[in-house]
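Residue-level structural notes
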Amino acid sequence: MRVIAGKARSLQLKTPEGTDTRPTTDRIKETLFNMLMPYLPDGVFVDLFSGSGGIGIEALSRGARHAYFVENQKSALACITDNLNFTHFMEQATILKQDVFSALGSIHEKEADVIFMDPPYGHEYEKQALLMLKTMPYVTENTLIVIEASRDTDFSYLPSIGYELNKEKCYKTNKHVFCRIMPAAE
């Protein structure tokens, strides 16, 4: 796994051993970040269920001002720390060593520009996280939320919990779902 573009372009990143994390392939990562580029310059990026930290590091490499990495698995945390040191992005990063649901209240920003989550498949963690994110002051109508999920994950519930689906990009076995909080009725 490597950084695709930006300041840390082509640097190889460590990944945790075992099957507990699923690093996003370079091709999918490139497609994702081509769509995210308008939101990154000088932005705040939140990487939930961070794994190796590759997604948040890619955001920093492409111009994000700050990134939050939320992970509670010990080997993944060691990878995130090593990767941030190796890419020289530690100064622009906050690592929250706790589960996502506890960590959401520890993010203190006026506004997050992009929140990315790649939770373990099949547990509905994304729905739990979306419900909690709606209550966070840094999540506004401008915040883009991107969820990486298995291709068959159903997101038809989004409007019923106050989100609008902006886009869905499907790949061979997974997909990226782009959504935002619905604008308040005037």
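In the block above lies the structure referred to throughout.
No experiment lies behind these values; they were computed from the predicted model shown.

**A look at the overall build of the protein**
When you go through the protein residue by residue, the secondary structure sums to five helices and seven strands. When the helices and strands of the protein are read in sequence order from the N terminus, they spell out α-β-α-β-α-β-α-β-α-β-β-β. Computed over C-alpha atoms, the radius of gyration of the protein comes to 15 Å, within 12% of the 16 Å expected from 2.2 N^0.38 for 186 residues, which places it in the range of a compact globule. Considering only C-alpha atoms, the protein reaches an extent of 45 × 35 × 30 Å along its principal axes. Residue pairs in contact within the protein that sit at least 24 positions apart in sequence constitute 65% of those at least 6 positions apart. Only carbon and sulfur atoms are counted for the fraction: they give 49% of the accessible area of the protein, which is about 9000 Å².

**Brief notes about the nonpolar core**
Counting residues in hydrophobic clusters, the biggest one holds 32 residues, and the most contacted among them are Leu48, Leu130, Leu133 and Ile145. Excluding residues that lie within four positions of it along the chain, Leu48 makes contacts with Val70, Val100, Leu104, Ile115, Phe116, Met117, Asp118 and Leu133. Within the second largest apolar cluster, 27 residues are counted, among which are Phe89, Ala93, Leu144 and Phe178.

**Here's the deal with unusual backbone geometry**
For residues other than glycine, phi is negative in most cases, and the peptide bonds are mostly trans. Located in the positive-phi region is His88, a residue other than glycine, with phi close to 65°. Assignment of secondary structure puts His88 in the loop between helix 3 (74-87) and strand 3 (93-97). For His88, a relative accessible area of 68% puts it in the exposed group.

**Thoughts on the packing of aromatic side chains**
Two aromatic rings, taken as a pair, are described by how far apart their centres are and by the angle between their planes. One pass over the full model with this rule turns up five aromatic pairs. Residues Phe49 and Phe101 carry aromatic rings whose centres are separated by 6.4 Å and whose planes lie at 75° to one another, so their mutual orientation is edge-to-face. Placement of the pair is Phe49 in the loop between strand 1 (44-48) and helix 2 (54-61) and Phe101 in helix 4 (residues 100-103), with a sequence separation of 52 residues. Following the ring pairs from residue to residue traces out a cluster consisting of Phe49, Phe101 and Tyr125. Stacked on the ring of Tyr157, the Lys or Arg Lys127 has its end atom at 4.6 Å from the ring centre. Lying over the aromatic face of Phe178, Lys167 brings its terminal NZ or CZ to 5.8 Å of the ring centre.

**Brief notes about the environment of Glu71**
Tracing the backbone through its elements, the reader meets Glu71 in strand 2 (residues 66-71). Once the C-alpha coordinates of Glu71 and Ser150 are considered, the two residues, 79 residues apart in sequence, prove to be 20 Å apart. Once residues lying within four places of it in the same chain are set aside, the contact partners of Glu71 are Phe49, Ser50, Gly51, Ala76, Leu77, Ile80, Leu96, Lys97 and Gln98. Of the polar contacts made by the side chain of Glu71, one reaches the backbone nitrogen of Ser50; its length is 3.3 Å.

**Looking at helix 2**
The element helix 2 is extensively covered by neighbouring structure, given that eight of its eight residues are classed as buried. Against the buried residues of helix 2 lie helix 1 (26-36), strand 1, strand 2, helix 3 and strand 4 (114-117). Just downstream of helix 2, Gly63 is the residue with a positive phi angle, here 115°.

**Some points on the side chain of Asn174**
Mapped onto the fold, Asn174 is located in strand 7 (residues 174-181). Judged by its relative accessible area of 8%, Asn174 is buried. Only 3.2 Å separates the side chain of Asn174 from the side chain of Glu148, close enough to count as a polar contact. Ignoring anything within four residues of it in the chain, the contact list for Asn174 reads Ile28, Tyr121, Glu148, Ala149, Ser150 and Arg151.

**What about helix 5 (residues 125-133)?**
Three or more residues of helix 5 are buried, namely Glu126, Ala129, Leu130 and Leu133. One side of helix 5 holds all its buried residues, which, seen down the axis, span an arc of 100°. Residues of helix 5 that are buried in the fold lie against strand 1, helix 4, strand 4, strand 5 (144-150), strand 6 (163-170) and strand 7.

The rules we used
Residues numbered from 1 in each chain as written. Predicted model: local features only at pLDDT ≥ 70, side-chain atom pairs only at ≥ 80, totals over all residues. Heavy atoms only, no water. Helix = DSSP H or I, 4+ residues; strand = E, 2+ residues; numbered from the N terminus. Rg over C-alpha atoms; globule rule 2.2 N^0.38 Å. Contact = heavy atoms within 4.5 Å. Areas by Shrake-Rupley, 256 points an atom, 1.4 Å probe, with all protein chains shown as cover. Core = buried A, V, L, I, M, F, W, Y, C linked by side-chain atoms within 4.5 Å. Buried < 20%, exposed > 50% of the residue type's maximum accessible area, 1.4 Å probe, protein only. Phe/Tyr/Trp six-rings, centres within 6.5 Å; stacked < 30°, edge-to-face > 60°. Lys NZ or Arg CZ within 6 Å of the ring centre and 35° of its normal. Polar contact = N/O pair within 3.5 Å; in protein donor to acceptor, adjacent residues only side chain to side chain. Arc of directions from axis to C-beta.

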